[in-house]
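Each chain, written out:
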Amino acid sequence: MKDIFEHAKSNWVRYSEYELKEKDGILYIKPTDDAMPDIYNILKHKEDIVVEALNIGLLCMNRDKEKEAEQKEAIMGFVSRYGLLGLMTTITTTPSFMDYEIVHFIKNRYIKAETMDTIEYISYFYPFEMPQVEKDGLAMKWEISGDNTMMALAMTFTDRETAVNMSFQRNYAESYEWVKTQFLDWALLFTTASLYYENSFEDKDKELYQQMMTVFSTNSPTYHIKLLDKPTLVWNFGSLAIAAQMLLSLSMTDDKTPIRLCKHCTKAFIPTRPNALFCSSKCKNQYNVYKSRSKEEQK
Ligand SMILES: [Zn+2]
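Heads up: these notes are all about the structure in this document. The structure presented is a predicted model; accordingly, all values stated were derived computationally and were not measured. (Residues numbered from 1 in each chain as written. Predicted model: local features only at pLDDT ≥ 70, side-chain atom pairs only at ≥ 80, totals over all residues. Heavy atoms only, no water.)

### Here's the deal with the sheet that holds strand S10 (residues 174–175)
Then, in step 1: Spatial ordering of the open sheet is given by S3-S4-S10, a layout of three strands whose pairing is antiparallel. Each edge of the open sheet carries a strand with a single partner, namely strand S3 (18–23) and S10.
Then, in step 2: Pairing analysis gives two bridges linking strand S4 (residues 26–31) to S10, with the strands arranged antiparallel. Residue pairing across strands places Tyr 28 opposite Ser 175, the latter belonging to S10. (Pairing = 2+ DSSP bridges. Helix = DSSP H or I, 4+ residues; strand = E, 2+ residues; numbered from the N terminus.)

### Brief notes about the sheet that holds strand S11 (residues 222–227)
Then, in step 1: Reading across the sheet, the three strands line up as S1-S12-S11 and stay open at both edges, with mixed pairing between neighbours. Whereas interior strands pair on both sides, the edge strands pair on one side only; in this sheet they are strand S1 (8–9) and S11.
Then, in step 2: Bridging between S11 and strand S12 (residues 231–236) involves six bridges; their strand directions are antiparallel. Looking across to S12, one finds that Thr 222 is bridged to Asn 236.

### As for the side chain of Asn 171
Then, in step 1: Tracing the chain through its elements places Asn 171 in the loop between helix H5 (162–167) and S10.
Then, in step 2: In this structure the side chain of Asn 171 is engaged in a polar contact, spanning 3.3 Å, whose partner is the backbone oxygen of Glu 129.
Then, in step 3: Asn 171 has contacts with Phe 125, Tyr 126, Glu 129, Met 130 and Pro 131, leaving out every residue within four places of it along the chain. (Polar contact = N/O pair within 3.5 Å; in protein donor to acceptor, adjacent residues only side chain to side chain. Contact = heavy atoms within 4.5 Å.)

### Some words on the packing of helix H1 (residues 46–60) against helix H8 (residues 240–252)
Then, in step 1: Running from amino to carboxyl end, H1 crosses H8 at an angle of 90°, the nearest separation of the two axes being 9 Å. With respect to H8, the element H1 is oriented roughly perpendicular. Along the contact surface, H1 presents Lys 46, Ile 49, Val 50 and Leu 54, while H8 presents Leu 240, Ala 244, Leu 247, Leu 248 and Ser 251.
Then, in step 2: For the contact of H1 with H8, the class distribution of residues is seven nonpolar, one polar and one charged. (Axes fitted to C-alpha atoms, helices over the stretch in contact; angles between N-to-C directions. Parallel < 35°, antiparallel > 145°, perpendicular 65-115°, else oblique. Nonpolar A, V, L, I, M, F, W, Y, C, P; charged D, E, K, R; others polar.)

### Focus: the pattern of salt bridges
Then, in step 1: A complete count under the given rule lists ten salt bridges for this structure.
Then, in step 2: Between Lys 30 and Glu 19 there is a salt bridge, with the nearest N and O atoms lying 2.8 Å from each other. Of this pair, Lys 30 sits in strand S4 while Glu 19 sits in strand S3; the two residues are eleven residues apart in sequence, bridging distant segments of the chain.
Then, in step 3: The buried category is assigned to Lys 30, whose relative accessible area is 5%.
Then, in step 4: Of the charged contacts, one joins Glu 143 and Lys 141 as a salt bridge, the two residues approaching to 3.9 Å between their closest N and O atoms.
Then, in step 5: Members of the salt-bridge network, linked through shared partners, are Glu 19, Lys 30 and Asp 33. (Salt bridge = Lys/Arg side-chain N within 4 Å of Asp/Glu carboxyl O. Buried < 20%, exposed > 50% of the residue type's maximum accessible area, 1.4 Å probe, protein only.)

### Considering the coordination of the zinc ion
Then, in step 1: Within the protein, the atoms that donate to the zinc ion are Cys 262 (SG), Cys 265 (SG), Cys 279 (SG) and Cys 283 (SG), at distances of 2.3 Å.
Then, in step 2: Looking at Cys 262, the relative accessible area reads 2%, which means it is buried. (Donors = N, O, S within 2.8 Å, 3.2 Å for Na, K, Ca; no water.)

### Details of the nonpolar core
Then, in step 1: One finds Met 88 and Tyr 121 to be the most contacted residues of the largest nonpolar core, which totals 70 residues.
Then, in step 2: Elements that contribute at least two residues to this core include exactly strand S2 (11–15), H1, helix H2 (68–82), helix H3 (118–122), helix H4 (148–156), H5, helix H6 (176–198) and H8.
Then, in step 3: The dominant element in this core, judged by the number of residues it contributes, is H6, at nine residues.
Then, in step 4: Not counting residues up to four positions away in its chain, the partners in contact with Met 88 are Phe 97, Tyr 121, Ile 122, Phe 125, Tyr 126, Ala 163, Met 166, Ser 167, Tyr 172 and Glu 174.
Then, in step 5: Formed by five residues, the second largest nonpolar core is a distinct cluster that contains Cys 262, Ala 276, Phe 278 and Cys 283. (Core = buried A, V, L, I, M, F, W, Y, C linked by side-chain atoms within 4.5 Å.)

### Side note on a nonpolar patch on the surface
Then, in step 1: A contiguous nonpolar surface patch, about 470 Å² in accessible area, is contributed by Tyr 223, Ile 225, Leu 227 and Leu 233.
Then, in step 2: Here the nonpolar patch takes three residues from S11, the largest share from any one element.
Then, in step 3: Taking the relative accessible area as the measure of exposure, Tyr 223 reaches 53% and is therefore exposed. (Patch = residues over 30% accessible without salt bridge, like charges linked within 9 Å, V, L, I, M, F, W, Y side chains within 5 Å. Areas by Shrake-Rupley, 256 points an atom, 1.4 Å probe, with all protein chains shown as cover.)

### Quick look at the packing of aromatic side chains
Then, in step 1: Evaluation of the coordinates by the stated rule reveals 23 aromatic pairs.
Then, in step 2: With 5.0 Å between their ring centres and 85° between their planes, Phe 78 and Phe 183 make a pair best called edge-to-face. Note that Phe 78 is positioned in helix H2 and Phe 183 in helix H6, a separation of 105 residues in sequence.
Then, in step 3: With centroids separated by 5.1 Å and ring planes inclined at 50°, the aromatic side chains of Phe 278 and Tyr 287 adopt a geometry described as tilted.
Then, in step 4: Taken together through their ring pairs, the aromatic side chains of Phe 97, Phe 105, Tyr 110, Tyr 121, Tyr 124, Phe 125, Tyr 126, Tyr 172 and Trp 178 make up a single cluster.
Then, in step 5: Cation over ring: Lys 21 sits above Phe 128, and NZ or CZ is 4.8 Å from the ring centre. (Phe/Tyr/Trp six-rings, centres within 6.5 Å; stacked < 30°, edge-to-face > 60°. Lys NZ or Arg CZ within 6 Å of the ring centre and 35° of its normal.)

### So, the packing of H1 against H6
Then, in step 1: Between H1 and H6, whose axes approach to 7 Å, the crossing angle comes to 95°. Comparing the axis directions of H1 and H6 gives the class roughly perpendicular. Counted together, Ala 53, Leu 54, Ile 56, Gly 57, Leu 58 and Cys 60 of H1 and Lys 180, Phe 183, Leu 184, Trp 186, Ala 187, Phe 190 and Thr 191 of H6 form the full contact between these two elements.

Here it is, written out as structure tokens:
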């Protein structure tokens, strides 16, 4: 994968344990009450994140009721490895939305309104315990009290946007359906692009596919130039979801080894060689065994 993100603010928070909890008929994913935070660098796990995210999305494309438990387990597994997606700072026009009077949204699958009151908006992500935030016009006051771990965590991320920092707190939760929809969108982005090249469509249909791709455009990471020993590009990921989508897009458009599906197990993988067709030597061997067996049977 291209490494244009050599310098980046790409640390993210994952908790030791997550749970599913319902409130007013909506199922949320949240850290458990005594879960401890841990900081990791998204870019150190970029290939795993992209491959796992895409495979979960492909799994979620199956609408079979029997698959629901498996999908839930896969999503919770991803969250426990990499943290929540940070959807709160993904669908707004900027992750620094706390600095403004109202929140503006990009086109998204969750909220139809174009703008919303800031406090009303953040309440979507704190269904069980609202943060102590006061907002008066542009002014904003955020207080954390009582929990030393949460205070220390907030201190660690003072260089990040307030909303990103707030989303690292233990009381932050994401709707399970919203998270699932995000995984599904990544799979749809991938399959739409794959189908386009695998089939010989008429021009009219080609146009439709090209248009479909624009639906998946989302927030990009922001950047600035830092004056180190030479001018250096520093990227800033507003959320894990923004990072994952950017990395998936880079992987899909990679000239030599784009992310693809294994010919045997049909799971996504990032090949190490340009012409690799299988995710592992195990899959390659099993595929060859099946092929020679079916040849035998035809004789
Ligand atoms: Zn495979």
